[in-house]
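Descriptive structure summary
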Amino acid sequence: MKKRYTNFKFSAIIVMSFLAMLLMLSGCTLEWELDYPANSDSKSTVNSDRLRVIFLDVGQGASQLLISPSGKTMLIDAGNNDREQAMLDYLKQYGVTRLDIIIGTHPDADHIGGLDRVIDHIDVGEIYMPKIQANTKTFESLLLSIKNKGLKVKTAKAGLVLDWDDEIEVTMVGPVNVSDSRNNMSAVVKVVYGNTSYLLTGDAERESEKDMIDSGADLQADVLLIGHHGSKSSSTLSFLKKAAPQFGVIQVGDNNYGHPTSTVLDRLSKQGIEVYRNDLHGTVEIASDGHTYRITTER
Ligand SMILES: [Zn+2]
């Protein structure tokens, strides 16, 4: 009797050790994931369908891929020219064969550089860009790809409501005014799904931030793309307070501009914003089921 009891205890130890080992092993192979409750919600429903907002690691540049629970797709920017193949690889990796909406936030190479090749290779629904040009080969090459595809560029500006997915509100809150500065002409996109929200700011700087605040638009967003790669020309305290995000993502790679600046990093930290960066974390995905966020980082 005693022996059997001991045997039972011994088996239990073996089973538990095995389970612990399995857990450790799966922890090693799974990407790091955390569930956070959304700012304004107390309910939590079980729902595996998520809006995926993926901040693709394109080095020094920016690109966000959005995939809705029903499979709608949107690409905001596509990194620099040297990331064209990487962009096509990403789209393949995420199973994207068509982009319902493309937004080129503004005509700087680190945002639109990869768009021409994406347009050449992928089915595209609509494309939005602000009314400002650049005298560059990169910009000309993008216009050529758009023309060859038979697409017509729609003007990106504040007040637009985009028809993307019935369950998700997509609006533009910038640019509010016309500016000579390409950065300040950046299309700024707000995405709301249930109680969760994202504000994707391109390279909007303080002038545009002030215009957006003055416009009275609702800028609150749990997830904020930190403007202009963390440059100190963006992310004014008043703008951060309006957006009041829980999470901030900085799309940044090796650069000579000093991005992200310590001024901005300090400001984010003082506001209690949890920061994710492409240079430190690789590609960052912040997915939402309408109530909670699931954050996955590549490293
Ligand atoms: Zn930029």
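Right above here is the structure, for reference.
Notes on the structure in this doc start here. Since the model is a prediction, treat every value here as computed from it, not as a measurement.

Right, let's get into the pairing of strand β13 (residues 247–250). Alternating positions in β13 separate into two faces, F247 and V249 on one and G248 and I250 on the other, with burial throughout. Pairing of strand β12 (residues 223–225) with β13, which is carried by three bridges, proceeds in the parallel orientation. Along β13, the bridge assignment pairs V223 with F247. This β-α-β element, β12 to helix α7 (residues 237–243) to β13, shows right-handed connectivity. Note: β13 against strand β14 (residues 274–277), four bridges, orientation parallel. If you follow I250 over to β14, its bridge partner there is R277. Note that the unit made of β13, helix α8 (residues 262–270) and β14 has a crossover that is right-handed.

Protein ligation of the zinc ion involves D110 (OD), H111 (NE2), D203 (OD) and H229 (NE2), the donor distances falling in the range 2.1 Å. Here the zinc ion is ringed by four donor atoms whose angles at the metal span 86 to 152 degrees, and the overall shape comes out irregular. Sequence positions of the donors to the zinc ion reduce to the motif D-H-x91-D-x25-H. Here D203, found in the loop between β11 (196–200) and α6 (206–215), pairs with H229, found in the loop between β12 and α7; they are 26 residues apart in sequence, far enough to count as distant. Exposure remark for H229: the relative accessible area of 3% places this residue in the buried category.

Together, D49, D163, D166 and E167 give the surface a local cluster of negative charge. By secondary structure assignment, the location of E167 is in the loop between β8 (161–165) and β9 (168–174).

It is worth spelling out the nonpolar core at this point. Judged by nonpolar contacts, the single largest core of 30 residues is most densely connected at F55, I103, V191 and I286. Once residues within four sequence positions are removed from consideration, I103 is found in contact with M74, L75, I76, D77, Y128, L162, M172, A187 and V189. Grouped together as the second largest cluster of nonpolar side chains are 28 residues, L75, V96, L115 and M129 included.

Overall, the coordinates contain two aromatic pairs when judged by the stated rule. When the centroid spacing of 5.8 Å and the interplanar angle of 75 degrees are considered together, the rings of F247 and Y293 count as edge-to-face. Separated by 46 residues along the polypeptide, F247 in strand β13 and Y293 in strand β16 (residues 292–297) bring together distant segments of the chain. Joined through ring pairs, the aromatic side chains of Y198, F247 and Y293 make up one cluster.

Each value, and the rule that gives it
Residues numbered from 1 in each chain as written. Predicted model: local features only at pLDDT ≥ 70, side-chain atom pairs only at ≥ 80, totals over all residues. Heavy atoms only, no water. Buried < 20%, exposed > 50% of the residue type's maximum accessible area, 1.4 Å probe, protein only. Helix = DSSP H or I, 4+ residues; strand = E, 2+ residues; numbered from the N terminus. Pairing = 2+ DSSP bridges. Right-handed = clockwise from strand over helix to strand, strands pointing away. Donors = N, O, S within 2.8 Å, 3.2 Å for Na, K, Ca; no water. Tetrahedral: all angles 85-135°; square planar, octahedral: opposite > 155°, others 65-115°. Patch = residues over 30% accessible without salt bridge, like charges linked within 9 Å, V, L, I, M, F, W, Y side chains within 5 Å. Areas by Shrake-Rupley, 256 points an atom, 1.4 Å probe, with all protein chains shown as cover. Salt bridge = Lys/Arg side-chain N within 4 Å of Asp/Glu carboxyl O. Lys, Arg positive; Asp, Glu negative; His and termini not counted. Charge placed at Lys NZ, Arg CZ, Asp CG, Glu CD. Core = buried A, V, L, I, M, F, W, Y, C linked by side-chain atoms within 4.5 Å. Contact = heavy atoms within 4.5 Å. Phe/Tyr/Trp six-rings, centres within 6.5 Å; stacked < 30°, edge-to-face > 60°.

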